[in-house]
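Coordinate analysis (summary)
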Amino acid sequence: MNTVNITDTNFINTEIYKKFMEENPGRGILMIRASAAKEAIPISNLDITVSKIIDNYNVIFFKGKTDNSGMIKNISLPTPAQNINDLTIPQSTTYEISANTEDSSIKQIYTISMYNNICVVQNINITPQMNERRYYYGY
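Numbering of residues starts from 1 in every chain and runs along the sequence as written. For this predicted model, a pLDDT threshold of at least 70 governs which residues receive local features, and a threshold of 80 or more governs which side-chain atom pairs are given and counted, while totals over whole chains, interfaces and linings are taken from all residues. Where side-chain values are given, they derive from all heavy atoms of the structure, hydrogens and water being excluded.

**Some words on the pattern of salt bridges**
Think of a salt bridge as a Lys or Arg side-chain nitrogen and an Asp or Glu carboxyl oxygen that are within 4 Å of each other. Scanning the entire structure with this criterion turns up one salt bridge. A salt bridge links Asp47 to Lys65, with the nearest nitrogen and oxygen atoms 2.5 Å apart. Of this pair, Asp47 sits in strand S4 (residues 47-54) while Lys65 sits in strand S5 (residues 57-65); the two residues are 18 residues apart in sequence, bridging distant segments of the chain. For Asp47, a relative accessible area of 21% corresponds to the partly exposed category. In this text, helices come from DSSP runs of H or I with a minimum length of four residues, and strands from runs of E with a minimum of two, each type numbered from the N-terminal end. Relative accessibility thresholds used throughout: buried, under 20% of the residue-type maximum; exposed, over 50%; partly exposed, between the two (1.4 Å probe, protein chains only).

**Examining the sheet that holds strand S8 (residues 107-114)**
By way of backbone hydrogen bonds, the strands of a sheet pair with one another, either parallel or antiparallel. Strands are treated as partners if at least two bridges between them are detected by DSSP. An order of S1-S5-S4-S7-S8 is seen for the five strands of this open sheet, with the pairing classed as mixed. Pairing within the sheet leaves two strands with one partner each, and these edge strands are strand S1 (2-5) and S8. Here the average twist between neighbouring strands, direction ignored, is 30 degrees. Strand direction decides the pairing type here: S4 and strand S7 (residues 93-100), joined by five bridges, are antiparallel. Bridge pairing in S7 links Asp47 to Asn100. A contact between two residues is defined here by any heavy atoms of the two lying within 4.5 Å. Axes, fitted as lines to C-alpha atoms, cover a helix only where it is in contact. Angles between the N-to-C directions of the axes lie from 0 to 180 degrees. Running over the sheet, helix H2 (residues 15-23) touches S4, S5 and S7 and is turned about 100 degrees from S4.

**A closer look at the packing of aromatic side chains**
Working definition: a ring pair exists when centres of Phe, Tyr or Trp rings (six-membered ring for Trp) sit within 6.5 Å. Plane angles under 30 degrees give stacked, over 60 give edge-to-face, the rest tilted. On inspection of all chains with the given rule, the structure shows four aromatic pairs. Their ring planes at 50 degrees and their centres at 5.9 Å tell us that Phe20 and Phe61 sit as a pair that is tilted. Of this pair, Phe20 sits in helix H2 while Phe61 is found in strand S5, placing the two residues 41 residues apart along the sequence. Take Phe20 and Phe61: they sit in the same class, and that class is buried. Each member of the aromatic cluster is reached from another via a ring pair, and the members are Phe11, Tyr17 and Tyr57.

If you want it as C-alpha cells, here you go:
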C-alpha cells in the first residue's frame, strides 16, 4: 500500500483522487482534544495523523501536533454533499486518527465519521504510564 499526502501532485492527478473528490464535495471540520486525568491535564505535542485508505493508497489528510491546550482546531476534511431530504440518513466519510508520542509510549487509533457542515470533536484520553521500580536489597 502506498502512503501519500493529499497535497501530492502525482496523487491529485490520478483518477482515484478525482473520483473521491467527486463523491466528497462537501467539507466537515474536525477538532482534536487530548488530555489526561479526566480532562484536567492537557497533552501538548501529541503527534496526530488523520488518514483514509482510498483504493490502494493510505492518504494522509493532516499531520500535526497538539498545542499547549492539548487541541488542534479546524481540520477541514472532504465529506459527501449535504442531503436535502430530512427523512434519509446523512452520508458520511470515515477517517482514521492516529495519536502518538515521540517516544512511541502512547499509540492510539480512532475511527471517526465526518459529515458535511458538521464539527466533530475527538477526545483523546491519555492514561499516564507509571514505570515502577523495585529495589531488592540482599543482606
